[in-house]
Each structure stands twice: as structure tokens, then as C-alpha cells.
Amino acid sequence: MTDSPADKKGSFKKLGARHKARRRAVDLLFEAEARDVDVSVLLTDRADLATRDQSVAPVHAYTTTLVEGVADDLDRVDGTIEGYLQDWTLQRLPAVDRAILRIAVWELFHATDVPPVVAVDEAVELAKELSTDDSPSFVNGVLGQVVQVAPQVRAAAAATAATKAARGESES
């Protein structure tokens, strides 16, 4: 059965540059875990390959931001996710769901230019595209809880950054 024009039109808006960047970030996080390689090394390898081989799509700047951000803050991101899993552990989740949740939680905590509703919606859309039938509602449920604490996490991060900046200025 083919998609009706209405179906195609509805999915068209989801294919913006940031959506594609998020999807590629999910792919890279998933691949790094599956191959047991450092995601930062994999990211660098893909960027280098894209410069050498024009048939390989370049790595979008936002993909780099997401992958590096998740890698740099993995312990806090994973701890947050685990805190909202009921009767599950992070390692029991499908790897693609882990990658989607990691990106969304990182965005909720750090991407001040991304409204929380967009981060959650994008994660749910990626779960629809890439994972099981149950994953979109599961991802939405976990992120619905994380959204409640995200403003406090952002405020704490801003306060910590301000304190570090003030110490750096006084020590100079």
C-alpha cells in the first residue's frame, strides 16, 4: 500500500535540517555502542570520510553538537534517564531508544534554543521512525517526567558556570 498525499505531506515537515541532524546523531550513538567504539572518534571518522568522499553526506554541525554534548555529559544524562525508568534499567532498553532518550535529555538540559516541546516531539518522532510500536509512548512518558526537572537543571548549570567564571576573573 502506498502513502496517500496527505500522509506524505504530514511527514514532510519532519524532515528539516535539525530533524536529520538528530537522526544522524541517533545513528552515530547507536553505531558506537554496537561496535563498542568511542563516539567522538566515530564522529571524527565520519566527518573525515565526508571530506574525502563526496558520496558521503557531511556531518551537520548540530549532529556534532548533539553527539559531543551527550558524550561529555553521559553520566548525568544516563543517571537522569535511569531515575525515571520504572521496573527497567538503562541497559535493558533497546539501544535505539537509549540513543533517542540520551539526545532528548541532553537537549532538554543544554539546548536553550530548542523549546522543550520540540525536543520531546522530535524524540517521539524518531522513536516512531526507528524503533518498536511501543517506543514512542515509552519515550514520551520518560521525557514527560524529565521536562519537569529540566528548568532546574538548566538554572543550576547556569549558576555553576557563573560561579566558575567569577572565580576565573578573581584569580587572574
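Predicted model, so just to flag it, every value in this text is computed and none were measured. (Residues numbered from 1 in each chain as written. Predicted model: local features only at pLDDT ≥ 70, side-chain atom pairs only at ≥ 80, totals over all residues. Heavy atoms only, no water.)

Trainee: Talk me through the nonpolar core; I want residue IDs and the actual numbers.
Mentor: Of all hydrophobic cores here, the largest spans 43 residues; its most connected members are Ile100, Val139 and Leu143. Listing elements by their share of this core, those giving two or more residues are helix H2 (17-35), helix H3 (39-52), helix H4 (61-72), helix H5 (74-83), helix H6 (95-110), helix H7 (116-130) and helix H8 (135-171). Examining the composition of this core, we find that ten residues originate from one element, H6, more than from any other. Every residue in contact with valine 139, bar those within four places of it in the chain, is listed here: Ile100, Leu101, Ala123, Val124 and Ala127. (Core = buried A, V, L, I, M, F, W, Y, C linked by side-chain atoms within 4.5 Å. Buried < 20%, exposed > 50% of the residue type's maximum accessible area, 1.4 Å probe, protein only. Helix = DSSP H or I, 4+ residues; strand = E, 2+ residues; numbered from the N terminus. Contact = heavy atoms within 4.5 Å.)

Trainee: How would you explain the environment of aspartate 97 if you had to name every residue and give the values?
Mentor: Inspection of the secondary structure puts aspartate 97 in helix H6. Taking the C-alpha atoms as reference points, aspartate 97 and leucine 130, 33 residues apart in sequence, are found 8.6 Å from one another. Once residues lying within four places of it in the same chain are set aside, the contact partners of aspartate 97 are Ser131 and Ser135. Within polar-contact distance, the side chain of aspartate 97 engages the side chain of serine 131 at 2.6 Å. (Polar contact = N/O pair within 3.5 Å; in protein donor to acceptor, adjacent residues only side chain to side chain.)

Trainee: Kindly report on the layout of surface pockets, identifying the contributing residues and their values.
Mentor: For the largest pocket, the calculated volume is near 230 Å³. In this structure, the largest pocket is lined by Leu29, Ala32, Glu33, Asp36, Val37, Asp38, Val39, Ser40, Val70, Ala71, Leu74 and Arg102. When contributions to the lining of the largest pocket are tallied by element, the ones reaching two or more residues are H2, H3 and H4. Class assignment of the residues belonging to the lining of the largest pocket gives a composition of seven nonpolar, one polar and four charged. (1 Å grid on protein atoms, 1.4 Å probe; cavity = no way out; pocket = protein on both sides within 12 Å on 5 of 7 lines; lining within 4 Å. Points joined across faces, edges and corners; volume = space filled by probe spheres on them. Nonpolar A, V, L, I, M, F, W, Y, C, P; charged D, E, K, R; others polar.)

Trainee: Provide a residue-level description of H5, including the pertinent values.
Mentor: All of the buried residues along H5 are Val77, Asp78, Thr80 and Ile81. Projection of H5 onto a plane perpendicular to its axis shows the buried side chains occupying an angular sector of 160 degrees, all on one side. Seen from the open side of H5, the exposed residues pointing more than 90 degrees away from its buried face are Asp75 and Gly83. (Arc of directions from axis to C-beta.)

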